[in-house]
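If you want the building blocks of each chain, they are given just below.
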Amino acid sequence: MDGHGHGGVPVCPEGASVQLKANDMMVARTIDKLSYYVQSLSLNGCYWLSGSTLKHLSRCRELTQLDVTGCRLTTLRLSHLLSSLSLLRCLAFDVTSSFSSSQLSSEAVDTLSRLAELRQSLLTPSYGVVPYCAKLRKLMLQFDISDVTREGLGVSCQLMVGQSSVPHYQQLQEFTARLAPGEVNQTLLLLYLAVFSVHIPEHLRIFLVSIPGPSPVHWPSARTLAQSLGQRGDLEALQFPRTWLDTPSLKLALGGNSPRHLSFSRCPALWPQVFQSLLEGGVKDSTQLTSLNLSGINHVLYSDCRNIDVQLLASTMSRLVIGCSNIKHLNLMHTHYHHDKAPSLNAEAHLCSSLASLRGLSSLTVPACALSDGVNSNNSNTSCPSSLLLGLKKSVRVGLQNYRPDSGQESSVDSTSGVAQLASGCLTLETLEVIGPGFVSALPRLEPCTRSSVEPRGMCAWARGVGDAHIAALEGLKRLKCLTLAGLPGILKGTGLVHMAKHCKTLKVLSLANIGVVKAMNYAPALLETLQHCTQLQELRLEQPYLNANSAFFEALSCCSRLRRLCLISRSGTFEPSAAESFMERCRLVVMCHLFMGGTLVACRTLQKTLIERFSAERPALSVVIYPLHHEDLPSVIRDIPLTLLDTVTLFQSHVAQPPHLSPY
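Analysis parameters
- Residues numbered from 1 in each chain as written.
- Predicted model: local features only at pLDDT ≥ 70, side-chain atom pairs only at ≥ 80, totals over all residues.
- Heavy atoms only, no water.
- Helix = DSSP H or I, 4+ residues; strand = E, 2+ residues; numbered from the N terminus.
- Buried < 20%, exposed > 50% of the residue type's maximum accessible area, 1.4 Å probe, protein only.
- Contact = heavy atoms within 4.5 Å.
- Areas by Shrake-Rupley, 256 points an atom, 1.4 Å probe, with all protein chains shown as cover.
- Polar contact = N/O pair within 3.5 Å; in protein donor to acceptor, adjacent residues only side chain to side chain.
- Axes fitted to C-alpha atoms, helices over the stretch in contact; angles between N-to-C directions.
- Parallel < 35°, antiparallel > 145°, perpendicular 65-115°, else oblique.
- Nonpolar A, V, L, I, M, F, W, Y, C, P; charged D, E, K, R; others polar.
- Left-handed = near helix turned anticlockwise from the far one by under 90°.
- Core = buried A, V, L, I, M, F, W, Y, C linked by side-chain atoms within 4.5 Å.
- pLDDT = per-residue confidence, 0-100.
- Pairing = 2+ DSSP bridges.
- Right-handed = clockwise from strand over helix to strand, strands pointing away.
- Salt bridge = Lys/Arg side-chain N within 4 Å of Asp/Glu carboxyl O.
- Phe/Tyr/Trp six-rings, centres within 6.5 Å; stacked < 30°, edge-to-face > 60°.

With that settled, the discussion passes to the overall build of the protein. Within the protein, the regular secondary structure consists of 21 helices and 23 strands. Looking at the protein residue by residue over its 665 residues, the buried ones come to 54%. For the protein, long-range pairs separated by at least 24 residues make up 79% of all intrachain contacts whose partners lie at least 6 apart in sequence. In the structure as shown, the protein presents an accessible area of about 27,400 Å², 52% of it carried by carbon and sulfur atoms.

Mapping serine 295 onto the fold places it in the loop between strand E12 (291-293) and helix H9 (314-323). Each C-alpha atom, one on serine 295 and one on threonine 365, is 8.6 Å from the other, the two residues being 70 residues apart in sequence. When residues no more than four places from it in sequence are discounted, the contact partners of serine 295 are Phe264, Ser265, Arg266, Asn331, Leu332, Met333 and His334. Reaching out from serine 295, the side chain makes a polar contact with the backbone oxygen of methionine 333 at a distance of 3.4 Å.

Next up on the list: the packing of helix H6 (residues 222-232) against helix H7 (residues 247-254). Between H6 and H7, the least distance of the axes is 6 Å, while the angle of their chain directions is 30°. Of the possible angle classes, the one that applies to H6 and H7 is roughly parallel. Contacts between H6 and H7 involve Arg223, Ala226, Gln227, Leu229 and Gly230 on the former and, on the latter, Ser249, Leu252 and Ala253. Its residues assigned to classes, the contact of H6 with H7 comprises four nonpolar, three polar and one charged.

Once that is clear, we can look at the packing of H7 against helix H8 (residues 271-279). Put simply, H7 and H8 touch, their axes get as near as 10 Å, and they point 25° apart. Judged on the interaxial angle alone, H8 and H7 are roughly parallel. Crossing handedness for the pair H7 and H8: right-handed. For the pair H7 and H8, contact is made by Thr247, Leu250, Lys251 and Leu254 and by Gln273, Val274 and Ser277, respectively.

If you look at the biggest cluster of nonpolar residues, it comprises 191 residues, and the most contacted ones within it are Phe175 and Phe207. In terms of residues, this core owes the most to one element, helix H5 (residues 183-198), which gives seven residues. Among all residues touching phenylalanine 207, those that are not within four sequence positions of it are Phe175, Leu193, Trp219, Leu225, Leu229, Ala237, Leu238, Gln239, Phe240 and Trp244. Judged by nonpolar contacts, the second largest core, of six residues, contains Met333, Phe439, Ala486 and Phe652.

With that out of the way, let us pick up the confidence of the model for the protein. In the predicted model, the protein carries a mean pLDDT of 85, and 84% of its residues have values of at least 70. Low confidence marks residues 450-455, where pLDDT is under 50. Its contacts with residues over four positions away, or in another chain, come to 12 contacts.

Moving on: the side chain of glutamine 239. As for its placement among the helices and strands, glutamine 239 is situated in strand E10 (residues 237-239). In terms of polar contacts, glutamine 239 uses its side chain to reach the side chain of serine 263, at 3.3 Å. Dropping the residues within four chain positions of it, glutamine 239 is found in contact with Phe207, Leu208, Val209, Ser210, Ser263 and Pro659.

This part covers the pairing of strand E22 (residues 592-597). The element E22 is extensively covered by neighbouring structure, given that six of its six residues are classed as buried. Going residue by residue along E22, you find Met592, His594 and Phe596 tucked away on one face and Cys593, Leu595 and Met597 tucked away on the opposite face as well. With six bridges connecting them, E22 and strand E23 (residues 623-628) associate as parallel partners. The residue of E23 that forms the bridge with phenylalanine 596 is tyrosine 627. Crossover handedness for the path E22 to helix H19 (residues 601-615) to E23: right-handed.

The next subject is the pattern of salt bridges. Under the defined criterion, the tally for this structure stands at 20 salt bridges. Note that arginine 119 is salt-bridged to aspartate 67, the shortest N-O span being 3.2 Å. Linking arginine 119 in strand E6 (residues 117-122) with aspartate 67 in strand E4 (residues 65-67), this pair joins segments that are 52 residues apart in sequence. Residue class for aspartate 67 comes out buried when judged on its relative accessible area of 0%.

All right, on to the side chain of aspartate 144 then. Along the polypeptide, aspartate 144 turns up in the loop between strand E7 (138-143) and strand E8 (174-179). Within the structure, the side chain of aspartate 144 is placed 2.9 Å from the side chain of glutamine 142, a separation counted as a polar contact. Once you skip the residues sitting within four places of it in the chain, aspartate 144 turns out to touch Leu122, Leu123, Ala180, Asn185, Arg445 and Leu643.

A word on the environment of proline 268. As for its position among the elements, proline 268 is in the loop between strand E11 (261-263) and H8. Overall, proline 268 belongs to the partly exposed group, its relative accessible area being 29%. Taking the C-alpha atoms as reference, proline 268 lies 9.3 Å from leucine 294; in sequence the two are 26 residues apart. Proline 268 has contacts with Arg242, Gly296 and Ile297, leaving out every residue within four places of it along the chain.

Under the defined criterion, the tally for this structure stands at 17 aromatic pairs. Taking the centre distance of 5.3 Å and the plane angle of 75° together, the rings of phenylalanine 553 and phenylalanine 554 count as edge-to-face. No difference in accessibility class separates phenylalanine 553 from phenylalanine 554, as the two residues are buried.

So, about unusual backbone geometry. Notably, arginine 266 is not glycine yet its phi reads approximately 60°, a positive angle. Along the chain, arginine 266 turns up in the loop between E11 and H8. Residue classification places arginine 266 among the partly exposed positions, given a relative accessible area of 25%. Phi angles above zero are rare outside glycine, and asparagine 514 is one such case at about 50°.

Attention shifts here to the environment of serine 35. Following the sequence through the fold, serine 35 ends up in the loop between helix H1 (24-34) and strand E3 (40-42). For the pair serine 35 and histidine 56, spaced 21 residues apart in the sequence, the C-alpha separation amounts to 8.7 Å. Not counting residues up to four positions away in its chain, the partners in contact with serine 35 are Arg59, Cys60 and Arg61.

This brings us to helix H21 (residues 643-650). Most of H21 is tucked away: six of the eight residues are buried. Buried within H21 we find Leu645, Leu646, Asp647, Thr648, Val649 and Thr650.

Below, the structure written as structure tokens:
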């Protein structure tokens, strides 16, 4: 798999890979040819392979690691595979509604009893194969169960008594659980955690539980577990939901440890203790920390964010990057930082200046206001210029203007000094996410869907002042591969996008959402020019309320000859069917085309049927979903999309400093 979580399938030790355009026959022949040599095989996300193709895996007798997440695998076929793979030690697969543990043979159960690592993606309430895995060292769970069935009935989480005989995980070292929204997922999680109330594994050193939403289910044993983790001194990674820990428990958990990954997403009550532990000797060696997620750690409404006590302070962050100098992944989404550019004797360095000290930083998420050098009433990027001054502005020539730092788009030459320092300091940065405070996608991964409004709540004047000049200043990020810009109303013409694309030649993934004025896509001409420069682009996610996907748009997009995945989301957007078809014909690597826009259901279904019939034969992995964004049946349509595509492209979420459990090996 590539660095963004998509694509090819590694086959060790030869390093061969199954490409997205490989059909069942090609995959079967490859497996048969390498069957005597393969020890590690990942078919993660190969949703297009038929079940009969997977039977060839039973010939790979030397396999010790197998990942078939996202593949169509029945319980009987899984049982046959496990019976043949006696050397298997690591397994990853989906637990679907058709799963039945009673269909597992004794030989399969015997193989499961020797597993050291297991990852289950739970699509239905079940223990899966966990009760048979008494020697697990790593257990990774992803809960993606809907609260209602396709028929609209509630999903029950009452498991059979016989399934509840989960072993006590005597050798467990890592436990990871990632939940999608829904009460059923939380109820099932508590069933998996019940064993920890009886016995806490002696060697547990990684405990990561991520529950979305403002009110995670309560788990009474959380404090006991936190205290136990803190006593051993070998804690490597920790994430608890916001209601599971209090300040004393967190202090005990971190004390005397040198963790590598910490996540305190949406834990505002803990942030004073977090900084105290990291900066004042609360951890043994803070330089061991490589991944830190502080998303929403001081999340407040904009009406409250004027209080400096609930903002990120540059001085605190400066101390943080000095003490935790080896951080490679940092997430500051849903926070506020308001720089005061007024000169004074006690003036602090810009937050971006502090972050620039992290020379090894690989991925970063910042709130939009963190790029601003300060609020300027004369800045033309603010959203509401005085109507009295509009008549005094000098008119410009018709056509897209080239970006020039002195073109009047910024009030002073140093208004982007902060982001310029960031770009010049973080030379190894490959992933950057700039997200406006309060931004919520129309199709979020970990939030309730709210398509009624696209106006971000919590937007501050600092964030509104981030415009084209700030995006243009990203030109120094020569290694940038993945860029997300969301909820940035200050981008007026999009000239900064063009400038950035001309210099960031390695850009492979681009996600834009709610850029500029939401009621009019003023940056459309600049977007078309930007796409013409993105020759390495493999993935585009574009979410804009009034997107016009016409022939000009698809013609510009055709310049991205390496594009593989496309997702367009627009509540009032339109598309031109013939242009979309011509685009798919020119860009033959595209295997994902998801359009959630306006238009009638008939028009959407017609285009979807046309694209599938024309291109599915030559592109086995092709996933085409075209559906009205506001249709009442959209949730059912979303449910049928392969989870690997939902997780990485279609549904919006941050990908920075997330739990490192996406692959079991």
